[in-house]
Amino acid sequence: MKCPNCGDRKSVEIDIHSSGFSSEHSPVKECGACGLVWRVKMVGDKTEIDIIKAADKK
């Protein structure tokens, strides 16, 4: 999946269950290039990007 911040395709799926962020339908992803942590979730019939941690500032 392409990072919504920098466009890089090096993402890592993160398995986090305690906070309710991760599920089979909207797994948490981390960008290997910029550090953004996000998930894509369904809100009604639309998809929405949910930013969990902002990208690292360089």
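To keep things clear, this report deals only with the structure shown in the data block. Since the structure is predicted, the reported quantities are computational estimates derived from the model, not experimental observations.

### Quick word on the overall build of the protein chain
Each helix and strand in the protein chain was counted, giving zero helices and four strands. The N-to-C order of helical and strand elements in the protein chain reads β-β-β-β. Split into buried and exposed, the 58 residues of the protein chain put 24% on the buried side. Considering only residue pairs separated by 6 or more positions, the protein chain has 22% of its internal contacts joining residues 24 or more positions apart. Carbon together with sulfur atoms contributes 49% to the accessible area of the protein chain, which is approximately 4,200 Å² in total.

### What about the pattern of salt bridges?
As enumerated under the stated definition, the model contains two salt bridges in all. Between Lys53 and Asp56 there is a salt bridge, with the nearest N and O atoms lying 3.1 Å from each other. With relative accessibility at 37%, the residue Lys53 sits in the partly exposed group. Take Asp56: its relative accessible area is 45%, and that puts it in the partly exposed class.

### Focus: the environment of Arg9
Considering the arrangement of structural elements, one finds Arg9 in the segment before strand 1 (11-14). On the accessibility criterion, Arg9 (60% relative accessible area) is exposed. With sequence-adjacent residues up to four places away left out, Arg9 is seen in contact with Met1 and Lys2.

### Side note on the pairing of strand 2 (residues 28-31)
In the sheet, strand 2 pairs with strand 3 (residues 37-43) via two bridges, with the strands oriented antiparallel. Residue pairing in the sheet places Lys29 in a bridge with Trp38 of strand 3. Between strand 2 and the antiparallel strand that follows it, strand 3, lie five residues; Gly35 among them carries a positive phi value of about 90°.

### Overview of the side chain of Asp50
Assignment of secondary structure puts Asp50 in strand 4 (residues 46-53). The residues contacting Asp50, other than those within four sequence positions of it, are Val37, Trp38, Arg39 and Lys41.

About the criteria used
Residues numbered from 1 in each chain as written. Predicted model: local features only at pLDDT ≥ 70, side-chain atom pairs only at ≥ 80, totals over all residues. Heavy atoms only, no water. Helix = DSSP H or I, 4+ residues; strand = E, 2+ residues; numbered from the N terminus. Buried < 20%, exposed > 50% of the residue type's maximum accessible area, 1.4 Å probe, protein only. Contact = heavy atoms within 4.5 Å. Areas by Shrake-Rupley, 256 points an atom, 1.4 Å probe, with all protein chains shown as cover. Salt bridge = Lys/Arg side-chain N within 4 Å of Asp/Glu carboxyl O. Pairing = 2+ DSSP bridges.

Note that all results are geometric; they support no functional claim without further evidence.
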